[in-house]
Amino acid sequence: VADVEEGVKEDRRYIAVHLRLDNNKLTSVATLSAMLEKLVVQPGKLTMIDLSSNHITALGNAFATTPALVSLALHDNKLEDLGELATLMPLSELRKLTLYGNPVADHTPSFRSLILAILPHLRSLDVSTVTRREAAAGEAFRNSAQGKKALRPLHVRRRAAEGRDSPPPPARRGPSY
């Protein structure tokens, strides 16, 4: 009890960097950001969240208040839509991600390569170290015309989740007179 009391501030929020919500039969994490604001003193300092072995079907804006997230366990859930993973794109510190055991991982062709294209900073995906060759292939795909076309809907989805519904202005080509 003493350890728990030391970890709780007077306003009854926890001082934490890791959060384990695995095996809780959660179906939604839509209110995760709001919940974190109420439970954790500085949710922006969370570095690890384990949401594995639940029944989560969508991510929404769940990680909007956790920019320092380094490790995220989402394996063994019910994620089916690749677009849901677009909301992870702003997590530039994310290095470890688990998605195995989700329909999206099992049924998306070249899933690992695609994830590495949208999350190039990952060092471990599904408990397997990202090789230099995989990272290079992800970067090549991301920069190719085919990759840009395939990833465009994910970027649009990410902007919509961030509240920026309109697409970015078109890139300027050459000088305008």
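Keep in mind that this is a model prediction, so the values were computed, not measured. Each chain carries its own residue numbering, running from 1 in the written order of its sequence. Only residues with pLDDT of at least 70 are given local features in this predicted model, and only at 80 or more are side-chain atom pairs given and counted; all residues enter the totals for whole chains, interfaces and linings. With hydrogens and water excluded, all non-hydrogen atoms of the structure serve as input to the side-chain values.

Visitor: A description of the nonpolar core should follow, citing residues and the corresponding values.
Guide: Put simply, a nonpolar core is a bunch of buried Ala, Val, Leu, Ile, Met, Phe, Trp, Tyr and Cys residues held in one set by side-chain atoms that sit within 4.5 Å of each other. Burial classes: relative accessible area under 20% of the type maximum marks a residue as buried, over 50% as exposed, and values in between as partly exposed (1.4 Å probe, protein chains only). Within the largest apolar cluster, 40 residues are counted, with the highest numbers of intra-cluster contacts made by F63, L85, L88, L97 and I115. The set of elements that each furnish at least two residues to this core consists of α2 (32-39), α3 (103-107), α4 (111-118) and α6 (145-161). Residue contributions to this core peak at 6 residues, all from α4. Only heavy atoms enter the contact rule, under which two residues are in contact if any of them lie within 4.5 Å. Residues in contact with I115, not counting those within four places in the same chain, are L82, L85, L97, L99, L122 and L125. Strands are runs of DSSP state E lasting at least two residues, helices are runs of H or I lasting at least four, and both sets are numbered from the N terminus onward.

Visitor: Let's hear about the pattern of salt bridges: which residues, and what values?
Guide: Note that side chains of opposite charge can pair when their charged atoms are close. Each salt bridge in this description consists of a side-chain nitrogen of Lys or Arg and a carboxyl oxygen of Asp or Glu lying within 4 Å of one another. As enumerated under the stated definition, the model contains 3 salt bridges in all. Note that D50 is salt-bridged to R20, the shortest N-O span being 3.8 Å. Highlighted residues: D50 in strand β2 (residues 48-50) and R20 in strand β1 (residues 18-20), separated in sequence by 30 residues. Of the residues examined, R20 reaches a relative accessible area of 56% and is grouped as exposed. E134 is the salt-bridge partner of R112, the closest N and O atoms lying 2.6 Å from each other.

Visitor: Can you explain the sheet that holds strand β6 (residues 128-129)? Please cite residues and give values.
Guide: In spatial order, the strands read β1-β2-β3-β4-β5-β6; together these 6 strands make up an open sheet with mixed pairing. Of all strands in the sheet, those bounded by a partner on one side alone are β1 and β6. In this description, strands pair whenever DSSP reports at least two bridges between them.

Visitor: A description of the confidence of the model for the protein should follow, citing residues and the corresponding values.
Guide: Detailed reading of the predicted coordinates is not advisable wherever pLDDT falls low. The pLDDT averaged across the protein works out to 85; a share of 83% of its residues lies at or above 70. Note on residues 166-177: pLDDT under 50 across the span, and 4 contacts to partners over four residues away in sequence or across chains. A residue's pLDDT is simply how confident the predictor is in it, with values from 0 to 100.

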